[in-house]
Amino acid sequence: MKDKIEALRKRIEERLNEVKDLNNLNELKNEYLSKKGPVSELSNGLRDMDVDKKKEFGKLITDFRNDVYSKFEALKEKYELEELNRKLEKEKIDISMPGLDIQSGSPCIEEKILEEAEDFFMSLGYDVVEGPEIELDKYNFEMLNLPKEHPARDAQDTYYLKDEEILLRSQTSPVQVRAMLEGKGEKPIRIICPGKVYRKEDINPTHEQEFDQIEGLVIDKNISLSDLKGTVDAYVKHVFGKDTETRFRPSYYPFTEPSVEIDMSCIYCDGSGCNMCKPKGWITICGAGMVHPNVLRMCGYDPDKWQGFAFGFGALRLAMLKYNMDDMRIIHENDLRETENFDRKEVK
Ligand code: DAH
């Protein structure tokens, strides 16, 4: 029995020396240590022995089996460790590798125009005031001197929500009405009102259905058209550079008298005419005027004591001009290929 054990030990050791990896080791384990393998078979030899011998050789066999097991285990651990190290080596993070390029946009240029306007007018002592986008017809039209059948209503194709009484505001001018009602005919007013407006327009490179306006209103006791001129001129110079000029052209709005349209000199061609100013050298950017006495009266201000001016800019239009874009739809589209470059297009 002893010889048998020693012969088997030698054979197993020889075979173990040839093992190259975990697979080999498992194959060998199956061959020698399975239930019917040679190590288990040794016990068959005990069957015909007497009790003392059974004890003696039984112990030898058990020790041998334990010994073989631990050899297999030790090798298994060795190979597993090797494999783990190989894996770790493969998955090592090289912190000197360049990172993945994550595309990022830049702030919306329409939004930037609004923020810039807020900052500028606040520096002149204006308050920033907002009004609701769902507005009453009464504020959006009637109290701005546009009664129900007024033909000028057609100029702003309006989204009505309910019974011609509630609408999506088509202009920020109703914020003027709200501010005057709050001023109760007693307080001077100096406000800037940025905000969204909605119109049923055919969408094209220069028209959107949803866009921002920047409304301004000043009510006080000695306000004249030249205050309007100086204010708008300073803002336009702030946005487009100090060489930019502004001019007034007579116009018509029901809520102002006199009414004007304000043009700025083209920043792209210095007045000689180009694609942007088509080809006049001047670009219209604002509607404005002196607040109509009817509006003052309806909103509780006595037109014999108070005067005011008001203006309304289209923020998308300003953004297009400042960032040299010929299609305003791109500003709302969130296409990273465009938004990435917004900042680089700034003209000043
Ligand atoms: N609300 C006008 C529009 O959307 C713009 C405007 C014109 C605003 C004259 C004013 C103003 O405050 O006085 O076309």
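These numbers come from a predicted model, not from an experiment. (Residues numbered from 1 in each chain as written. Predicted model: local features only at pLDDT ≥ 70, side-chain atom pairs only at ≥ 80, totals over all residues. Heavy atoms only, no water.)

Trainee: Looking at this structure, I do not really get the pairing of strand β9 (residues 282-291). What am I missing?
Mentor: The side chains of a regular strand alternate, first on one face of the sheet and then on the other. Counted residue by residue, β9 has eight buried out of ten residues, so it is predominantly covered. As judged from the eight bridges shared by strand β8 (residues 256-265) and β9, these two strands associate in the antiparallel manner. From the neighbouring strand, aspartate 263 faces β9, where its bridge partner is threonine 284. (Buried < 20%, exposed > 50% of the residue type's maximum accessible area, 1.4 Å probe, protein only. Helix = DSSP H or I, 4+ residues; strand = E, 2+ residues; numbered from the N terminus. Pairing = 2+ DSSP bridges.)

Trainee: Where do I start with helix α8 (residues 225-240) in this structure?
Mentor: Residue pairs spaced three or four apart in an α-helix point in one direction, given the helix's 3.6 residues per turn. Relative to the 22 Å expected for 16 residues at 1.5 Å per residue, α8 spans 22 Å between its end C-alpha atoms, a close match to the ideal helical length. Listed as buried for α8 are Leu228, Thr231, Val232, Asp233, Tyr235, Val236, Val239 and Phe240. Directly beyond the C-terminal end of α8, a positive phi value near 110° is found at glycine 241. (Expected span 1.5 Å × (residues − 1).)

Trainee: Got a minute to help me understand the packing of aromatic side chains in this structure?
Mentor: Describing an aromatic ring pair means giving the distance of the ring centres and the angle of the ring planes. This structure, assessed with the given rule, holds ten aromatic pairs. Judged by centre distance (5.7 Å) and plane angle (45°), the ring pair of phenylalanine 120 and tyrosine 235 falls under tilted. With phenylalanine 120 in helix α5 (residues 109-123) and tyrosine 235 in helix α8, this pair connects stretches of sequence that are 115 residues apart. Of the two residues, phenylalanine 120 and tyrosine 235, both sit in the buried class. Ring geometry for tyrosine 235 versus phenylalanine 313: centroids 5.1 Å apart, planes at 70°, classification edge-to-face. (Phe/Tyr/Trp six-rings, centres within 6.5 Å; stacked < 30°, edge-to-face > 60°.)

Trainee: It is not clear to me how the sheet that holds strand β3 (residues 160-162) should be interpreted in this structure. Could you clarify?
Mentor: Ordered by their spatial adjacency, three strands build an open sheet running β2-β4-β3, and the pairing between neighbours is antiparallel. Bordering the open sheet on either side are β2 (134-136) and β3, each of which pairs with just one other strand. Strand-to-strand, the axes of this sheet are offset by a mean angle of 40°, without reference to chain direction. The pairing of β2 with strand β4 (residues 166-168) spans three bridges and is antiparallel. The residue of β4 that forms the bridge with isoleucine 134 is leucine 168. (Axes fitted to C-alpha atoms, helices over the stretch in contact; angles between N-to-C directions.)

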